[in-house]
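Listed here are the chains, written in short residue letters.
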Amino acid sequence: MFPQFIFATGIENSYPKVGGRRVDEMEACGHYRHWREDFALVRELGLSFLRYGPPLHRVWLGEGRYDWEFTDQAFAELWRLGIVPIVDLCHFGVPDWVGDFNNPDFPSLFACYARAFAERFPWVQLYTPVNEIFICAQFSGRFGWWNEGERSDRGFVTALKHLVKANVMAMEAILERRPDALFIQSESSEYFHAVNPAAISPAEAMNQQRFLSLDLNYGRRVDSGMYEFLLDNGMTRDEYHFFLGRHLRRHCVLGTDYYVTNEHLVEADGRTRAAGDIFGYAEITRQYHERYRMPVMHTETNLIEGPTGTEAVAWLRKQWANALRVRNNGIPMLGFTWYSLTDQVDWDTTLREANGNVNPLGLYDLDRKIRAVGREYRRIVEEWSSVLPTQSYSLVLPVRPLEEQE
């Protein structure tokens, strides 16, 4: 075990279907061409951890059929450089042959893929089987933006139950091969603010629904209102009890993602709009920790480098201060992540439009030149890495160094 706080970044690897068009952020951001350089930049920042996953739609060709060529090369380089991957197996999409998240066979099929990955890369210990389940179910099943394009509560619940079941079954499959595997569940931490008294009821319902993906994932009983909501929208009693029968919490870390878009204003008719940073990461993370009583990691944040060039740096400093506040409040805070390593493309329209807009969100731009926020993050990593493991409330994960792996 190495006693260190997990400072990380990530390689953006979203690949949803949008109106029949496959989005591939690894392609758009140049990772397939620059992957060796990208991994070298991770080390240049002083980082030993990387949120990273193979492009599922390119690797998983069919039931029991895989193309591991690129993944073998990439993971061999991670090993060579001593970078510990937190492996993201499903990031907002599935291969065409699976269809979408309406497919009830997706969970069992995905568990087979997870098992195959764990068998091929037995040295990998850290996983995020399915990334941001709540967001994926919202965007695919309720907002009609991605994948199945549903616009209903039933569409949301259908995507949700299949995504969580896939995540749970993948964890079980990986644990069969790697009993000491650890799962850092990256999930969007949200809050919904009522704008007036008439909006209290819909805001309260949304503030319960924000927990559904994690409640099911960790086998926590939902309240009566959410139970009725799930059953009214297509979940059966047997499906609900599947989640209650799993006991995987001891293998898990609660990964909380926080962006300036994570807080919402709610109108009386249920419409929402962006609220900005009102409560902030520390308070919302306190709410999630109070519910689940699990160790926490800050698994995603970023902000556009604005016209002054200082906006992203100020946001990083604010999020880092919030992460330290979480620790000082006695909550086991295991890590922090700026997401992602490089700029991203078309996230200003949540990938719905293929405009080719480069969003300056990265520690590096797409020419692999470091941004001001990258220099600031490097400074934070350098100055705090040796201090945090010795502080109070310093729980560390039992992560084995790569040289001790098979």
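This one's a predicted model, so the numbers in the text were calculated from it and none came from an experiment. What you see as residue numbers is a count from 1 along each chain, following the sequence as written. A pLDDT threshold of at least 70 governs which residues receive local features in this predicted model, and a stricter bar of 80 or more applies before side-chain atom pairs are shown or counted, although totals over entire chains, interfaces and linings include all residues. Hydrogens and waters are ignored; side-chain quantities use all the structure's heavy atoms.

Q: Quick one: what's the story with helix H4 (residues 69–81), residue by residue and with numbers?
A: An α-helix turns once per 3.6 residues; consequently, residues spaced three or four apart project the same way. The helix count covers DSSP runs of H or I at least four residues long, the strand count covers runs of E at least two residues long, and both are numbered beginning at the N terminus. Here a helix's expected span is defined as the number of its residues, less one, multiplied by 1.5 Å. For H4, spanning 13 residues, the distance from its first C-alpha to its last is 19 Å, which sits close to the expected 18 Å at 1.5 Å a residue. Accessibility here uses a 1.4 Å probe with only protein chains present; expressed as a share of the type maximum, an area under 20% marks a residue as buried, one over 50% as exposed, and anything in between as partly exposed. Turning to H4, its buried residues are Thr71, Ala74, Phe75, Glu77, Leu78 and Leu81. Here the buried residues of H4 occupy an arc of 155 degrees about the axis, which is enough to place them on one side. Away from the buried face of H4 by more than 90 degrees, exposed residues Glu69 and Arg80 are located. If you follow the buried residues of H4, they end up packed against helix H2 (31–44), strand S4 (49–52), helix H3 (56–59), strand S7 (84–90) and helix H5 (106–120). Backbone geometry just after H4 places Gly82 at a positive phi near 75 degrees. By construction, the arc corresponds to the directions joining the helix axis to the C-beta atoms. Residues count as neighbours in contact if any of their non-hydrogen atoms are within 4.5 Å of one another.

Q: Break down the pairing of strand S9 (residues 182–188) for me, citing the residues and quoting the values.
A: Across the seven residues that make up S9, a large majority, seven, are buried. The alternating pattern of S9 places Leu182, Ile184, Ser186 and Ser188 and Phe183, Gln185 and Glu187 on opposite faces, both of which are buried. Bridge count between strand S8 (residues 126–130) and S9: two bridges; the pairing is parallel. Considered in S9, the bridge of Leu126 is made with Leu182. Bridge count for S9 against strand S11 (residues 252–257) is six bridges, and the pairing is parallel. Considered in S11, the bridge of Phe183 is made with Cys252. A pair of strands counts as paired when DSSP detects no fewer than two bridges linking them.

Q: Tell me about the packing of aromatic side chains, and please be specific about residues and values.
A: Pairing of aromatic side chains here covers Phe, Tyr and the six-membered ring of Trp, requires ring centres within 6.5 Å, and sorts the geometry by plane angle: under 30 degrees stacked, over 60 edge-to-face, intermediate tilted. Under the defined criterion, the tally for this structure stands at 47 aromatic pairs. When the ring of Tyr32 is compared with that of Phe70, the centres are 5.6 Å apart and the planes differ by 85 degrees; the resulting orientation is edge-to-face. Here the residue Tyr32 occupies a position in helix H2, and Phe70 occupies one in helix H4, the gap between them amounting to 38 residues. Judged by its relative accessible area of 16%, Tyr32 falls in the buried class. Geometrically, the ring pair formed by Trp60 and Trp97 is edge-to-face, given 5.0 Å between the ring centres and 80 degrees between the ring planes. Of the two residues, Trp60 is situated in strand S5 (residues 60–62) and Trp97 in the loop between S7 and H5; the sequence distance between them amounts to 37 residues.

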